[in-house]
Amino acid sequence: MAPPEYRTARRQLRLAALPLAIGVALALPTAPGAQTLEVDRELSYAQQGSHINLDPMVAEDLDSWNLIELMLRGLVRVDANLQLGPDLATYTLREQGDRIRVTFKLRDARWAGSDLDEPLPVTAKDVVYSLNKARGRVANDTASPQVAGLLEALVKWSADGDDTVHLDFDKAIWRPDTLGQLINLRLMSRAQAIRLRKLKTPWTGKPWSTGPYVVQSKTGGTVRLTRRRDLGDAGPAIHVVHREHRDDMRAVKTDLVIGNTDLMMDLSPKDADDIASRAESKAAREATPSLSYTFVGVNHRHPLLGDVRMRRALSLMLDKHGLIHSVFDRVSDAAIPVTGPYDPHLTGTYDPDIDPRWEHDPDAAGALLDEICGPAPAKGKRRCKGKPLAFRLVFNGDVERSRRIAYALEEAFEAHGVEMELEGLNARRLGQRLTRPKGRRGGDFDLILVTHAMSLNFDPYQDWHSAGLSNHWGYADARLDALLERQRTADAQLRQDVLGEFHDAIYDDQAALFLWSRKRFIAINRRFTGVDPKRIDFFGSLTEWTIDMKRLIGGE
């Protein structure tokens, strides 16, 4: 970490007479004979994760991918509307018998690197090399889950000249999110691999770049990227991206306020608000989608929870907006209530117009309980079918937010006479309860608190089809099974129509108690403009950021 005196000085406007780091400062024009004022063009950000892995074949954590996306581009990308679109290549799909063939046509792109005199073209051989590299990683069990998932349905690939690649997928196991998995294929250079082998040099941690930045240095959790020299005026306004490992959150908050640190992601809503609300703070607060949803999984094998009326009654007991306010430090926009198994930012999947007929209504909840269990007693706790009306809620006890959600749910349910037994487990034991119960048929829980991270073009089949591999709740409905089978198609419009019908049906059936999609909170220096917080790949839009010169030279 840089010493405090350097970090403080780095934020000051400097005179031209002072020594400057190449590519970091911009000279602003002034009147003849006047001193030239120089502006800092470095983005310095702090993150708590310590190790950074820049190998796209094995990197799993989001913080590593934030940097990988600035260096290495892929065949496809996510656009500003969270839709899949072309990046290094355009593509077409067509069905051929038992295969789905995706043909990629490479655009004009170039490799840059610190040891290259001239940029080299990206060719089909690079795509084939990257896929072969991924296959080898999967074979020896060293690939990340994202890369392994990419190859699940991929049968073969081949180059056609220098600019065309054909990928053949098995139609029987093609999923709607299969093409979206190609986001995780960041191209690696075949020419660089050959050069390193000739030089008998191991992987250096400085891959050649197809993105706007190259690696200048990397030591554990501290990484410095610099803007590619060959981009000229077409390159991003930010010349240096400096990522620093920091554990002392109190010190980071102070640095964000005074401007020694520009950015920190994944803050708690309370911390983000606190940083941005101070009158002297140089940091603004932004919120980005998380591409996830939180829900209470229901064990449908339970004699009471298998009754749709009971599931609807439990849903009617929950004031989602009140829960969000309570769980997320009274920050009302920390999460968005959801009605189904999707993130509401995924247009074409999530239907925002569904009638919220099973939202908070205490009277309707009580009436359903009376219908199932008989009238509530004047005194004492409610009973049902001759037994106390009680359920066991399992959750991750190691995570503070999960504990807070569990306590809030307990309070909401017990207000209606429904007893809750809370059981907090660590992540490993929680997974075992969900997937490998001992001595019981199905999952070892009544209710379980889950947050589901989603992929682009999310396919709900595995979670909600009666034969789905991740259907740990024992949910089965013939109509919904048929819809989930129909939505596995390459026809985007048909899939959207079917998923809309599925969304309404699974909400009506209350297959789970769908709660919310949380947001990721960010503190970012106000000198950066053009920031698009709606982007899932927040760093992916960094090339479009600009720097507010008036703010820096005191003109506001």
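Definitions and limits used
By convention here, each chain's residues receive numbers from 1 onward along its written sequence. The model is predicted, so local features are restricted to residues of pLDDT at least 70 and side-chain atom pairs to those at 80 or more, both for listing and for counting; the totals for chains, interfaces and linings are taken over all residues. Note: side-chain values were computed over all heavy atoms of the structure, leaving out hydrogens and water. Here, two cysteine sulfur atoms that lie within 2.5 Å of each other are counted as a disulfide. Going along the chain from the N terminus, every DSSP run of H or I of four or more residues is numbered as a helix, and every run of E of two or more is numbered as a strand. Note on exposure labels: buried denotes an accessible area under 20% of the residue type's maximum, exposed denotes more than 50%, and partly exposed covers the range between, all computed with a 1.4 Å probe on protein chains only. By definition, two strands form a pair when at least two bridges between them are found by DSSP. For helices, the fitted axis covers only the stretch in contact; all axes are lines through C-alpha atoms, and the angles between them, taken along N-to-C directions, range from 0 to 180 degrees. Patches draw on residues past 30% relative accessible area with no salt bridge. Two like charges within 9 Å are joined, as are two nonpolar side chains (Val, Leu, Ile, Met, Phe, Trp, Tyr) within 5 Å. Residue burial considers only the protein chains on display, and all accessible areas are found by Shrake-Rupley using a 1.4 Å probe. A pair is scored as a salt bridge if a Lys or Arg side-chain nitrogen falls within 4 Å of a carboxyl oxygen belonging to Asp or Glu. When charges are tallied, Lys and Arg are placed among the positive residues and Asp and Glu among the negative ones, while His and the ends of the chain are skipped. For this purpose, a charge sits on NZ of Lys, CZ of Arg, CG of Asp or CD of Glu. Confidence of the prediction at every residue is given by pLDDT, a number between 0 and 100. Any two residues having at least one pair of non-hydrogen atoms within 4.5 Å are treated as being in contact. When the strands point away from the viewer, a crossover counts as right-handed if the path from the first strand over the helix to the second runs clockwise. Two rings from Phe, Tyr or Trp (for Trp, the six-membered ring) form a pair when their centres sit within 6.5 Å of each other. Planes less than 30 degrees apart are called stacked, planes more than 60 degrees apart edge-to-face, and all others tilted. In this scheme, the term charge over a ring applies when either NZ of a lysine or CZ of an arginine sits within 6 Å of the ring centre and within 35 degrees of the ring normal. For this quantity, the arc is that covered by the directions from the helix axis to the C-beta atoms. Crossing handedness follows the turn of the near helix against the far one: under a right angle anticlockwise gives a left-handed crossing, and clockwise gives a right-handed one. Throughout, the ten residues Ala, Val, Leu, Ile, Met, Phe, Trp, Tyr, Cys and Pro are labelled nonpolar, Asp, Glu, Lys and Arg are labelled charged, and all others, Gly among them, are labelled polar. For a helix, the expected span equals 1.5 Å multiplied by the residue count minus one.

Counted according to the given criterion, the structure contains one disulfide. Here C373 pairs with C384 through a disulfide, and the sulfurs are 2.0 Å apart. Here C373 and C384 share a disulfide; its torsion about the S-S bond, -80°, makes the bridge left-handed. Here C384 lies in strand β20 (residues 383–384) and C373 lies in helix α10 (residues 362–373), a separation of eleven residues in the sequence. C373 sits in the buried class, given a relative accessible area of 18%.

Sheet architecture is open: four strands sit in the order β7-β8-β12-β11, paired in antiparallel fashion. One side of each edge strand has no neighbouring strand; the edge strands of this open sheet are β7 (89–96) and β11 (154–160). Direction aside, the axes of adjacent strands within the sheet are offset by 20° on average. In terms of strand pairing, strand β8 (residues 99–106) meets strand β12 (residues 164–170) through seven bridges, oriented antiparallel. Residue pairing in the sheet places I100 in a bridge with F169 of β12.

The next subject is a positive patch on the surface. Residues K125, K133, R190 and R197 make up a contiguous surface patch of positive charge. Looking at where K125 falls in the secondary structure, it is placed in helix α3 (residues 124–139). Relative accessible area serves as the criterion here: at 46%, K125 is assigned to the partly exposed category.

This next bit is on the confidence of the model for the protein. For the protein, per-residue confidence averages 85 on the pLDDT scale, and residues scoring 70 or more make up 89% of the total. Helix α8 (residues 308–316) holds the highest mean pLDDT among the elements of the protein, 97, whereas strand β1 (residues 14–15) holds the lowest, 30.

The next point concerns the pairing of strand β25 (residues 512–525). With respect to burial, β25 is a largely interior element, 13 of its 14 residues being buried. For strand β16 (residues 263–267) and β25, the ladder comprises three bridges, and the chain directions are antiparallel. Bridged to L267 within β25 is F521. In this sheet, β25 lies alongside strand β17 (residues 283–289) in antiparallel orientation, the contact comprising seven bridges. Directly across from A284, in β25, lies its bridge partner I524.

With that settled, consider the pattern of salt bridges. For the coordinates displayed, the defined rule picks out 38 salt bridges. Between D98 and R99 there is a salt bridge, with its nearest N and O atoms 3.9 Å apart. Judged by relative accessible area, R99 falls into the partly exposed class, the value being 26%. Salt-bridge contacts for E423 lead to R392; the nearest nitrogen and oxygen are separated by 3.2 Å. Taken together, the residues E423 in strand β23 (residues 419–425) and R392 in strand β22 (residues 390–396) connect sequence positions 31 residues apart.

This next bit is on the environment of S402. With respect to the helices, strands and loops of the structure, S402 is situated in helix α11 (residues 400–414). With a relative accessible area of 16%, S402 lands in the buried category. For the pair S402 and L449, spaced 47 residues apart in sequence, the C-alpha to C-alpha distance is 7.6 Å. Non-local contacts of S402, meaning those with residues more than four positions away in its chain, are made with F395, N396 and L449.

Across the seven residues that make up β22, a large majority, six, are buried. In this sheet, β23 lies alongside β22 in parallel orientation, the contact comprising seven bridges. The partner of R392 across the bridge, within β23, is E421. Taking the sense of rotation as the criterion, the β-α-β connection linking β22, α11 and β23 turns out right-handed. Strand direction decides the pairing type here: β22 and strand β24 (residues 447–453), joined by two bridges, are parallel. Paired with L393 across the two strands is L447, which belongs to β24.

Quick look at the packing of aromatic side chains now. For the structure shown, the criterion picks out 15 aromatic pairs. Here F528 and W545 contribute two aromatic rings whose centre-to-centre distance is 6.0 Å and whose plane-to-plane angle is 50°, an arrangement assigned as tilted. Of this pair, F528 sits in strand β26 (residues 528–529) while W545 sits in the loop between β26 and β27 (546–547), and the two are 17 residues apart along the sequence. Classification of F528 by relative accessible area gives buried; the value is 6%. Of the aromatic side chains, those joined through ring pairs into one cluster are Y293, F295, W464, W473, Y475 and F514. The lysine or arginine in question, R488, covers the ring of Y461, its NZ or CZ lying 4.0 Å from the ring centre.

What follows concerns helix α5 (residues 190–198). One turn of the α-helix equals 3.6 residues, which is why residues spaced by three or four share an orientation. Of the residues making up α5, those classed as buried are Q192, A193 and L196. Buried residues of α5 fall within an arc of 100° about the axis and therefore sit on the same side. Of the exposed residues in α5, the ones pointing more than 90 degrees away from its buried face are R197 and K198. In the core, the buried residues of α5 are packed alongside α3.

On to the environment of L116, then. Residue placement: L116 occurs in the loop between β9 (110–111) and β10 (120–121). When the C-alpha atoms of L116 and Q192 are compared, they prove to be 9.8 Å apart, with 76 residues separating the residues in sequence.

What follows is about the packing of helix α6 (residues 249–258) against helix α7 (residues 269–277). Relative to each other, α6 and α7 sit at 35°, their axes nearing to 9 Å. α7 is crossed by α6, and the crossing has right-handed handedness. Of α7, the residues touching α6 (which contributes M249, K253, L256 and V257) are D271, D274 and I275. Here the residues of the contact of α6 with α7 sort into four nonpolar, no polar and three charged.

Phi at L291 takes a positive value of approximately 55°, unusual for a residue other than glycine. Within the fold, L291 resides in the loop between β17 and β18 (292–298).

Turning our attention to α11. The end-to-end C-alpha distance of α11 is 21 Å, a good match for the 21 Å that 15 residues give at a rise of 1.5 Å each. Turning to α11, its buried residues number three or more, namely S402, I405, A406, A408, L409, A412 and F413. What you see down the axis of α11 is that its buried residues fit within an arc of 165°, all on one side.

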